[in-house]
Amino acid sequence: MKRITFVFIFVILSAISVSNTANAQCAMCSVNAEQGTKNGNTQGKGLNTGILYLLAIPYVLITGVGVLWYLKYRKKATQSISHL
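None of these values were measured; they are calculated from a predicted model.

### Observations regarding the overall build of the protein
Step number 1: Scanning the protein from N- to C-terminus turns up three helices and zero strands.
Step number 2: Sequence-ordered secondary structure for the protein, helices as α and strands as β, is α-α-α.
Step number 3: Looking at the 84 residues of the protein, the share that counts as buried comes to 2%.
Step number 4: Looking at the protein as shown, the accessible area adds up to about 8,300 Å², and 69% of this sits on carbon and sulfur atoms.

Set out below in structure tokens:
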């Protein structure tokens, strides 16, 4: 067990220490963000809000499915116990 933990921590630390930063962005987004900051516009805030919405939606959906699955499983478990 200690060896597995050591290997896991070693792999994680190796991956973190070797990783490069990525500054990739689509052409439209980068041009829009650059021009917005130069002109004093707040388009960057809109881009950040859109990114957060796109990031949050899958997590909300997965959480909803998980809650429904848990409630359904719990309902089945309590019914089977009451039949005993």
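### What about the packing of aromatic side chains?
Step number 1: Tallied over the entire structure, the rule returns one aromatic pair.
Step number 2: Ring centres of Phe6 and Phe10 lie 6.5 Å apart, and the angle between their planes is 20°; this geometry places the pair in the stacked category. Pair noted here: Phe6 and Phe10 are both in helix H1 (residues 2-18), with a separation of four residues, about one helical turn. Neither Phe6 nor Phe10 differs from the other in exposure class; each is exposed.

### Here we look at a nonpolar patch on the surface
Step number 1: A contiguous nonpolar patch, built from Phe8, Ile9, Ile12, Leu13 and Ile16 and spanning about 520 Å² of accessible area, is present on the exposed surface.
Step number 2: Tracing the backbone shows Phe8 in helix H1.

### Considerations on H1
Step number 1: Over its 17 residues, H1 extends 24 Å from the first C-alpha to the last, a length consistent with the 24 Å expected when each residue adds 1.5 Å.
Step number 2: Within H1, only zero of the 17 residues are buried, which leaves the element largely exposed.

### Some points on the confidence of the model for the protein
Step number 1: Averaged over every residue, the pLDDT of the protein is 78; residues scoring 70 or more account for 76%.
Step number 2: Model confidence for the protein, summarised as mean pLDDT per element, is weakest for helix H2 (residues 27-38) at 71 and strongest for helix H3 (residues 43-83) at 83.

Thresholds applied
Residues numbered from 1 in each chain as written. Predicted model: local features only at pLDDT ≥ 70, side-chain atom pairs only at ≥ 80, totals over all residues. Heavy atoms only, no water. Helix = DSSP H or I, 4+ residues; strand = E, 2+ residues; numbered from the N terminus. Buried < 20%, exposed > 50% of the residue type's maximum accessible area, 1.4 Å probe, protein only. Areas by Shrake-Rupley, 256 points an atom, 1.4 Å probe, with all protein chains shown as cover. Phe/Tyr/Trp six-rings, centres within 6.5 Å; stacked < 30°, edge-to-face > 60°. Patch = residues over 30% accessible without salt bridge, like charges linked within 9 Å, V, L, I, M, F, W, Y side chains within 5 Å. Salt bridge = Lys/Arg side-chain N within 4 Å of Asp/Glu carboxyl O. Expected span 1.5 Å × (residues − 1). pLDDT = per-residue confidence, 0-100.

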